[in-house]
Amino acid sequence: MEIKKGIGVSPGVAISTAVVLDADSVIIPRRKGIAANVDAEVERFNLALRQAIIELTAQRDEFMAHDRKEIAGILDFHIGVLKDKSLIDQIIAQIRDHLATAEYAVSTVMKQYANVFSRMADRYLAERVKDIFDIERQLLTRLTGQQRMDFANLTSDVVLIAHDLLPSQAAALDRKHVKGFATDAGGRTSHTAIVARAMGIPAVVGLTDITAEVSAGDTIIIDGNHGVVIINPDEASLEEHRKVEIHRLEIETERAALQELPAQTLDGHLISLMANIEFPMEVDEALRRGAEGIGLYRTEFLYLASDHEPSEEEHYGSYADALLRLKNRPLVIRTVDLGADKYTQSKATNPERNPFLGDRSIRMCLHDIPMFKRQLRAIMRASVLGDVRIMFPMITTLIELRQAKMLLNDVMEELEDEGVSYNRDIPVGMMIEVPSAALMAEKFAREVNFFSIGTNDLVQYTLAVDRTNERVAGLFCPGHPAVLSLVRDVIRKGSRTISVSMCGEMAGEPLYTLLLLGLGLTTFSMNAPDIPEVKKIIRSTTMEHARAVARRVMTFDSERQVMHYLRDETRKIDPEAF
Ligand code: PEP
Ligand code: MG
């Protein structure tokens with residue numbers, strides 16, 4: 001049994017058999033097993049080794065011919081390792097002495113090699129551990145052939161162990177059979193994590209080397225509550241985790257009884273709880289959990305889930321679908337927020353050097369006006385089908401906002417000319433997710449009907465922490481006093497004239513409910529599974545108490561104080577909160 005600690009990003013416990021994927025979503029085969037014929041097994045290994053060396057040498061020569069010396073140098077290192085006599089002897093000895101399969105022998109010896117490298121004091125050499133895993137993969141795929149993961153069509157229950165999952169891959173997971181996942185990379189507000197929460201799949205990310213530690217077929221516990229993964233657990237551990245999950249499900253059932261009750265404080269203040277969605281079909285689950293509408297529809301998933309750019313009709317179809325399910329409840333359609341982690345940089349013709357600071361979101365839309373207008377037309381056409389509101393993401397300057405609104409006006413005029421009906425008074429809002437927008441909230445409030453605070457990006461840009469990077473995940477904290485002061489000012493300044501909501505993950509974290517209430521937030525939008533818990537806290541406190549909590553929090557000067565205090569205060573009113 002081995003215990004690995006990462007970042008729990010989606011609660012719940014999953015216990016199942018592992019499928020291991022490498023960085024290209026290729027299934028890493030089962031590494032264990034006994035060889036039936038030792039000589040044949042050694043020959044299989046020798047053949048895979050020869051093939052790998054021939055192919056890598058050809059690639060190396062090609063890079064040299066094009067003056068790409070750095071890459072050629074890396075391949076030289078790979079070839080050198082594959083020709084290392086002591087390594088080859090150790091692998092063959094594993095096969096002969098332990099009757100191991102070639103896959104198992106390669107895997108075991110390479111893991112020992114990797115351990116030696118990772119312990120080296122020289123940072124450059126320690127980094128080479130990634131090359132060792134790469135070499136292992138080269139040999140394993142030659143031994144077994146490449147098998148890509150078909151995310152949507154599994155036949156038995158599994159937990160996925162992957163280097164990383166794209167948000168689109170996470171969204172396409174077969175919910176019936178994928179019981180949980182764990183990844184080497186990622187942070188709490190990476191979109192893969194958000195999708196896992198929305199789907200209710202237990203997940204742990206940021207484990208660094210879980211793909212190297214787990215072998216296909218291992219039994220795995222994914223404990224999303226505590227951010228722990230247990231490899232081949234003992235019976236006691238299995239039993240304990242089964243009990244924890246049963247208890248969690250009991251609490252969930254208890255909370256479900258709150259669905260029909262209003263999110264009202266003990267002293268009568270009504271709060272609006274909405275849900276965030278990526279796909280129209282999620283509306284049903286959101287309503288089941290008690291959402292009053294959709295406060296954030298991440299329309300970029302229409303692009304991510306498809307191999308082509310969606311047409312106006314495809315946009316329209318999705319919005320109409322969501323509205324039909326909502327039956328006149330509000331739907332905040334956020335225009336496409338592609339780029340950064342919601343994009344495959346490796347497939348881009350011109351990869352971003354700094355994706356989160358690059359051509360993403362509204363910037364991308366303003367650079368591709370025909371694409372943007374297709375979406376705006378679809379939104380406006382759908383605006384007569386229900387309570388549609390439109391929201392622009394990642395606005396950093398007033399000019400950007402005005403350009404976006406101008407294009408919206410152009411689209412309205414076009415529809416007018418074509419005799420197509422639309423709602424001229426559609427509420428237009430913007431996300432506040434960049435410090436510049438938060439600092440200029442007063443000015444922005446004059447030009448929109450509502451704000452929605454996107455704390456995932458606001459934290460990232462205020463604290464200079466990549467939200468997807470496990471190495472700096474400890475620094476990503478919505479409770480940082482600098483973030484709180486921006487949030488407080490946006491709520492205060494915005495609420496004087498327009499409505500202000502929050503749709504970042506902070507809105508769904510029970511730890512921050514009292515504080516946000518006390519700061520005057522009246523609309524919260526979150527992943528549907530978080531609604532019952534947040535509602536429970538709202539219904540267990542008074543506005544007066546929440547304001548006192550907020551006043552106290554705003555006197556603290558470190559996030560640690562903020563979190564400790566909020567944890568204590570929340571547990572006083574709801575001991576089961578976290
Ligand atoms: C945010 O940044 O807080 C947000 C809600 O948008 P997204 O997570 O889609 O970037
Ligand atoms: Mg955002």
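Residues numbered from 1 in each chain as written. Chains lettered and ligands numbered in written order. Predicted model: local features only at pLDDT ≥ 70, side-chain atom pairs only at ≥ 80, totals over all residues. Heavy atoms only, no water.

Glancing now at the overall build of the protein. Tallying secondary structure elements over the protein gives 24 helices and 17 strands in all. Since a compact globule built from 578 residues should have a radius of gyration of about 25 Å, the 26 Å found for the protein is in line with a globular shape. Projected onto its principal axes, the C-alpha coordinates of the protein cover approximately 80 × 55 × 45 Å. Here the protein, with 578 residues, has 55% of them falling under the buried criterion. Intrachain contacts of the protein at a sequence separation of at least 6 include 68% that bridge at least 24 residues. Put simply, the protein shows about 25,000 Å² of open surface, and 52% of that area lies on carbon and sulfur atoms. (Helix = DSSP H or I, 4+ residues; strand = E, 2+ residues; numbered from the N terminus. Rg over C-alpha atoms; globule rule 2.2 N^0.38 Å. Buried < 20%, exposed > 50% of the residue type's maximum accessible area, 1.4 Å probe, protein only. Contact = heavy atoms within 4.5 Å. Areas by Shrake-Rupley, 256 points an atom, 1.4 Å probe, with all protein chains shown as cover.)

A word on the site of ligand 1. In the region of ligand 1, 16 residues are neighbours, and Arg298, Arg334, Gly454, Asn456 and Arg467 sit closest. Between ligand 1 and Arg298, the relevant distance is 2.7 Å, taken from an oxygen atom to a side-chain nitrogen or oxygen of the residue. In this structure, an oxygen atom belonging to ligand 1 sits 2.8 Å away from a side-chain N or O atom of Arg467. Contact with the protein chains removes 100% of the 290 Å² of surface that ligand 1 exposes when unbound. Judged by the fraction of its atoms near the pocket grid, ligand 1 is located in the largest cavity. Contributions of two or more residues to the shell around ligand 1 are made by α8 (191-199), β11 (294-298) and α19 (455-463). (Near = heavy atom within 4 Å. Polar contact = N/O pair within 3.5 Å; in protein donor to acceptor, adjacent residues only side chain to side chain. 1 Å grid on protein atoms, 1.4 Å probe; cavity = no way out; pocket = protein on both sides within 12 Å on 5 of 7 lines; lining within 4 Å. Sits in = over half its atoms within 2 Å of the grid points.)

Looking now at the side chain of Arg334. Relative to the elements of secondary structure, Arg334 occurs in strand β12 (residues 331-334). For Arg334, a relative accessible area of 2% translates into the label buried. A polar contact of 2.7 Å, which involves the side chain of Arg334, links it to the side chain of Glu300. Those residues in contact with Arg334 that sit more than four places away from it in its chain are Leu296, Tyr297, Arg298, Thr299, Glu300, Lys342, Gln375, Met391, Pro393 and Met431.

Before going further, it helps to spend a moment on helix α6 (residues 129-144). Relative to the 22 Å expected for 16 residues at 1.5 Å per residue, α6 spans 23 Å between its end C-alpha atoms, a close match to the ideal helical length. Following α6 by one or two positions, Gly145 has its phi on the positive side, about 85°. (Expected span 1.5 Å × (residues − 1).)

We now examine the environment of Arg128. Tracing the backbone through its elements, the reader meets Arg128 in the loop between α5 (123-127) and α6. Sequence spacing of Arg128 and Glu213 is 85 residues, and the spatial spacing of their C-alpha atoms is 17 Å. Not counting the four nearest positions on each side in its chain, Arg128 is found in contact with Phe77 and Phe117.

Taken together, Glu433 (OE) and Asp457 (OD) make up the full set of protein donors to the magnesium ion (ligand 2), lying 2.0 to 2.1 Å away. Of this pair, Glu433 sits in the loop between β14 (428-432) and α17 (435-439) while Asp457 sits in helix α19, placing them 24 residues apart in sequence. Across this residue pair, the class does not change: Glu433 and Asp457 are buried. (Donors = N, O, S within 2.8 Å, 3.2 Å for Na, K, Ca; no water.)

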